[in-house]
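# Structural description and commentary
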Amino acid sequence: MIVTIASALLFVEIKDAAFLKTLSEAMLSLWLKWELRAMVVLSLTVQLILIRYGNRRKFSGKDLKLISFLVWTMYLFADWLATVALSTLLRTTREQITSPLVIFWTPFLLLHLGGPDTITAYSLSDNELWPRHFFGLCFQIGVTLYVYVKFWTLTVTTLTFLAIPIFIVGIIKYGERVWSLFKASSTRLRKSVFPDANSFQLEVDPVQGPPSKGDMKLEEYLNHIQIKDKYRYIHRAFYLFQVFRPLFSDLKLRIYKELSYIFEMESKGTEEETAVEAFKVVEIELGFLYDLLYTKIPLVISRKGVILRCICLSFTVSTLIAFLIIVGKHGYSKVDIGISYLLMVGAIFLQIYSDILHLRSDHGILWLTSQNNWFLKAIGSKLFRLTEAKKGIRSMAQHCLLDYCLQPRKIKLAAVLNIFDQEDNLEKYFHTSWKDVTPDLKDIIYSHLQAKRKKYKANHFTFKYLSDLLDERGLNLLKEIDKPATRDLGWSVSDAEFTHSLLLWHIATDLVFQDDHQRFRAGNLGPHSQISKLLSDYMMYLLFLCPAMLPEGIGNIRHHDTCIEAKNFFLKKLTFRDAIRGLFGIDTASRSFFVEMGSQRKSTFFEGCQIAYQLQNLVSGFKWDHQEKWELIAKVWLEMLTYAASQCSWNEHSRQLQQGEELLTHVALLMAHLGLSKKINLVDIPERLTEVKFKPSWDWNRLDRLVYYLA
């Protein structure tokens, strides 16, 4: 904010000096007349754009980068523009003010600096800079007051009093923004997990009795408090979010093994329905996290927030009515009157529109349906029918290495762009596509995680076993098969570092996929073929464009050298189809020579080709079925997906929310729900408590006691 204020003041200084020297008297007069009018209208337009697209960036899709860029530009431009307008008023002389209504517009600029409710922070770093925004609040309030004192004699007394309610609304809106940034800062977010010391006491039940609220599973508790089935998943997501929120503050949970039922996904449906429902709950939880970190919604959807909303709306509406009555008694310009109406109606529209968005959100429906008031519950029920049904994460990014290396570049000014984009991220993005996250994919991921949880439970929730389980990348899978055909594949998932392994299996998967489809085997491949391709291209997208979410390595160097080697092999006159078949036709001695040459650099191209040959040899040499082959490939990718999800820091998952939903984040949180996280340690009850027959309890209505389980 300090940079914004400084740059705005510098801009105004340079602008005034330049225009006084270059513009004629007539042009200068025209500029002074329309400058502030254009600024306030443009400022309102930016607010409308932000409230429309501010929260759209949390969804994935092909337009995500465009929307994120638009929001980022408008987010920076909104503060800068309002500050420039106030700075211009600060430097304006009395002779340059053409209408008293211009001064009346000043508090609207303060209101615009409060920003729309759908976006308070663009990134996590904005939350950490809340002291600068607090300084900006004090500075802008001071500037607004100074402008009014400076031009006090120019404004009609009635206009001065009419501006007071808008000034109060501006302070409230700007204060809400600063408070939201403060509450979402990492230090405050971490402290919010710990309630006041006197707010509760630790209770111990030395004697076992009949089931109490502390013995209930979440579904039983929701039945107990009579939550209707149609929006039960929202309430379930809210309670689970309270349990797992400490993970995003880098805190650990140490919970007694007797309470392991907390880490079970309950459902009454089939296994496929369970998978869809699990991803649906995780989507809502991440929505709660996004609202907490990047919006005002947690503040607005509260008793104090509702009171402040009512005050702001009533003040703005009363100002509009009073202006409507009084303005006819003075001979103001019709243009200025129109702009004044536009600002007031715009402020009312922004308020009402944001309130509707809040009430229709998961936070809003949760708040309405939790009230004891039948009227509010009825509103919540009606709004629930208007909301789009949750289905879990909708789409996932796809990036194919060979397509990126071999297809013609989509941006022709490569040499110029490389100066500003040395990592070639723009070209990588244009080679990125989006595919739907199918129910089959959700089902196979969920089944894989459930299988891991069963192993974890069978080993009595031992933390050492959990660490080994989460560090698996496919080696144990190959050992379980215990066939000569798979023994030569083990090094690729154990000895190679993760980014190396990922590139190897991506190239192999793509080559095998292309070869099978070119040989018209698609009908005999089974569902694991498409699932393997989806996961392979998604993991490559993470390596290309989200490397911070993966374990550290030299993935960029390997990718660069692999692309060079692939381009050298695929001649310009050689078709992709012929090249694929040529790769499988290389004799063993030549393939070993190429692998050795590639290893002298950091290329994985021919090593990946070697893996592809070994996978195809499972069918031709060892008489495997094609479906068995693809099932093996899919399981390896599932192991890599869960490994990457467990290794990615929770802070990075939070940071990635600003760029849209990621499958890896959904999988990581789903794993935490099943206890499959190194941040969750299931421990035995200490012997001294066992001796007094201590029985741990878990009260879903007293989640403030969660502090006792933090480490």
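Relevant structure appears above.
Presented here is a report on the structure given in the accompanying data block. Each chain has its residues counted from 1, following the order in which its sequence is written. Under the rules for a predicted model, residues below a pLDDT of 70 receive no local features and side-chain atom pairs below 80 are neither given nor counted, while totals for whole chains, interfaces and linings still include all residues. Only hydrogens and water are removed before side-chain values are computed, so all heavy atoms of the structure are retained for them.

Attention now moves to the overall build of the protein. Under the scheme used here, helices are H or I runs from DSSP no shorter than 4 residues and strands are E runs no shorter than 2 residues, and both carry numbers assigned from the N terminus. Secondary structure assignment for the protein yields 35 helices and 4 strands. Every residue pair with non-hydrogen atoms within 4.5 Å of one another is taken to be in contact. In the protein, of all internal contacts separated by at least 6 residues, the share reaching a separation of at least 24 is 82%.

Each patch is assembled from residues with relative accessible area greater than 30% and no salt bridge, linking like charges that lie within 9 Å and nonpolar side chains (Val, Leu, Ile, Met, Phe, Trp, Tyr) that lie within 5 Å. Note that accessible areas follow from Shrake-Rupley with a 1.4 Å probe, and for residues the cover is restricted to the protein chains shown. By definition, a salt bridge exists where a carboxyl oxygen of Asp or Glu is found within 4 Å of a side-chain nitrogen of Lys or Arg. A grouping of Val317, Ile321, Leu324 and Ile325 is seen on the molecular surface, where their side chains present a nonpolar patch of about 370 Å² in accessible area. Position of isoleucine 321 relative to the elements: it lies in helix H14 (residues 303–326).

Within the largest apolar cluster, 141 residues are counted, with the highest numbers of intra-cluster contacts made by Ile445, Trp505, Met539, Leu615, Trp698 and Trp700. A per-element tally of this core places helix H12 (residues 271–294) first, with 13 residues. Core analysis: the second largest hydrophobic core is formed by 43 residues, Trp105, Phe108, Ile166 and Val327 among them. We define the nonpolar core as a collection of buried residues of types Ala, Val, Leu, Ile, Met, Phe, Trp, Tyr and Cys that are connected through side-chain atoms lying within 4.5 Å of one another. The buried label goes to any residue with under 20% of its type's maximum accessible area, the exposed label to any with over 50%, and the partly exposed label to all in between, with areas taken from a 1.4 Å probe on protein chains only.

Here we come to the pairing of strand E2 (residues 395–398). Neither face of E2 is exposed, since Ser395 and Ala397 on one face and Met396 and Gln398 on the opposite face are all buried. Paired strands, as defined in this entry, are two strands with at least two bridges between them according to DSSP. Two strands pair when backbone bridges link them, and E2 and strand E3 (residues 433–436) are joined in this way by 4 bridges, in the antiparallel orientation. Residue pairing across strands places alanine 397 opposite tryptophan 434, the latter belonging to E3.

The next point concerns the pattern of salt bridges. Evaluated as defined, the whole model comprises 27 salt bridges. Lysine 679 serves as the salt-bridge partner of aspartate 250, at 2.5 Å between the closest nitrogen and oxygen. Separated by 429 residues along the polypeptide, aspartate 250 in the loop between helix H11 (232–244) and strand E1 (253–256) and lysine 679 in the loop between helix H34 (663–673) and strand E4 (680–683) bring together distant segments of the chain. For aspartate 250, a relative accessible area of 49% translates into the label partly exposed. Across the pair glutamate 472 and lysine 452 runs a salt bridge whose closest N-O atoms are separated by 3.8 Å. Of this pair, glutamate 472 sits in the loop between helix H22 (463–470) and helix H23 (475–481) while lysine 452 sits in helix H21 (residues 439–458); the two residues are 20 residues apart in sequence, bridging distant segments of the chain. For lysine 452, a relative accessible area of 4% corresponds to the buried category. Here the residues in one salt-bridge network are Asp117, Lys173, Glu176, Lys296 and Arg309, joined through shared partners.

Aromatic contacts are taken between Phe, Tyr and Trp rings whose centres are within 6.5 Å, Trp giving its six-membered ring; a plane angle under 30 degrees counts as stacked, one over 60 as edge-to-face, and the others as tilted. If you walk through the whole model with that rule in mind, you get 25 aromatic pairs. Note on phenylalanine 104 and phenylalanine 108: the rings are 5.8 Å apart at their centroids and 70° apart in plane angle, and the pair reads as edge-to-face. Residue classification places phenylalanine 108 among the buried residues on the basis of a relative accessible area of 1%. Members of the aromatic cluster, connected to one another through ring pairs, are Tyr221, Phe238, Tyr239, Phe241 and Phe288. Throughout this description, the term charge over a ring refers to an Arg CZ or Lys NZ atom that lies within 6 Å of the ring centre and within 35 degrees of the ring normal. Its end group placed over the ring of tyrosine 294, arginine 57 keeps NZ or CZ at 5.2 Å from the ring centre. A cation over an aromatic ring shows up here: arginine 473 above the ring of tyrosine 643, its NZ or CZ 5.7 Å from the ring centre.

Locating histidine 399 in the fold gives a position in the loop between E2 and helix H18 (401–406). Under the rule applied, a polar contact is a pair of N or O atoms within 3.5 Å (in protein, one hydrogen donor and one hydrogen acceptor; residues adjacent in sequence only if both atoms are side-chain atoms). There is a polar contact of 3.3 Å between the side chain of histidine 399 and the side chain of threonine 432. Each residue touching histidine 399, except ones within four places of it in the same chain, is listed here: Tyr404, Lys428, His431, Thr432, His506, Asp537, Met540, Tyr541 and Phe544.

On to helix H15 (residues 334–360), then. Residue count minus one, scaled by 1.5 Å, sets the expected span of a helix. The terminal C-alpha atoms of H15 lie 38 Å apart, and with 27 residues this matches the ideal 39 Å at 1.5 Å per residue to within 8%. Capping the start of H15, serine 333 holds a side-chain oxygen 3.2 Å from the backbone nitrogen of valine 335, two or three residues further along.

This part covers H22. Every α-helix carries 3.6 residues per turn, so stepping three or four residues along brings you back to the same face. For H22, the full list of buried residues reads Leu466, Ser467, Leu469 and Leu470. On an axial view of H22, the arc spanned by its buried residues comes to 165°, and they lie on one face. Elements that come into contact with the buried residues of H22 comprise H21, helix H32 (626–647), H34 and E4. Think of the arc as the fan of directions from the helix axis to the C-beta atoms.

With that out of the way, let us pick up the side chain of threonine 562. Structurally, threonine 562 can be placed in helix H28 (residues 555–569). Polar side-chain contacts of threonine 562 include one of 3.0 Å to the backbone nitrogen of threonine 604. Beyond its immediate chain neighbours, meaning those up to four positions away, threonine 562 contacts Leu401, Ile507, Lys602, Ser603, Thr604 and Phe605.

Attention now goes to the packing of helix H26 (residues 498–518) against helix H27 (residues 527–545). Axis lines are fitted through C-alpha atoms, for helices just across the contact stretch, and the angle between N-to-C directions can take any value from 0 to 180 degrees. It is at 9 Å that the axes of H26 and H27 come closest, and there the two elements cross at 140°. When the axes of H26 and H27 are compared, the pair comes out oblique. As H26 runs across H27, the sense of the crossing is left-handed. Together, Phe498, Thr499, Leu502, Leu503, His506, Thr509, Asp510, Phe513 and His517 of H26 and Ser529, Gln530, Ser532, Lys533, Ser536, Asp537, Met539, Met540 and Leu543 of H27 make up the contact between the two elements. Residues are sorted three ways: Asp, Glu, Lys and Arg are charged, Ala, Val, Leu, Ile, Met, Phe, Trp, Tyr, Cys and Pro are nonpolar, and all the rest, Gly among them, are polar. Broken down by class, the residue content of the contact of H26 with H27 amounts to 7 nonpolar, 8 polar and 3 charged. When an angle is under 35 degrees it counts as roughly parallel; over 145 it counts as roughly antiparallel; between 65 and 115 it counts as roughly perpendicular; any other value is oblique. Each helix crossing is assigned a hand: it is left-handed if the near helix lies turned anticlockwise from the far helix by less than a right angle, otherwise right-handed if that turn is clockwise.

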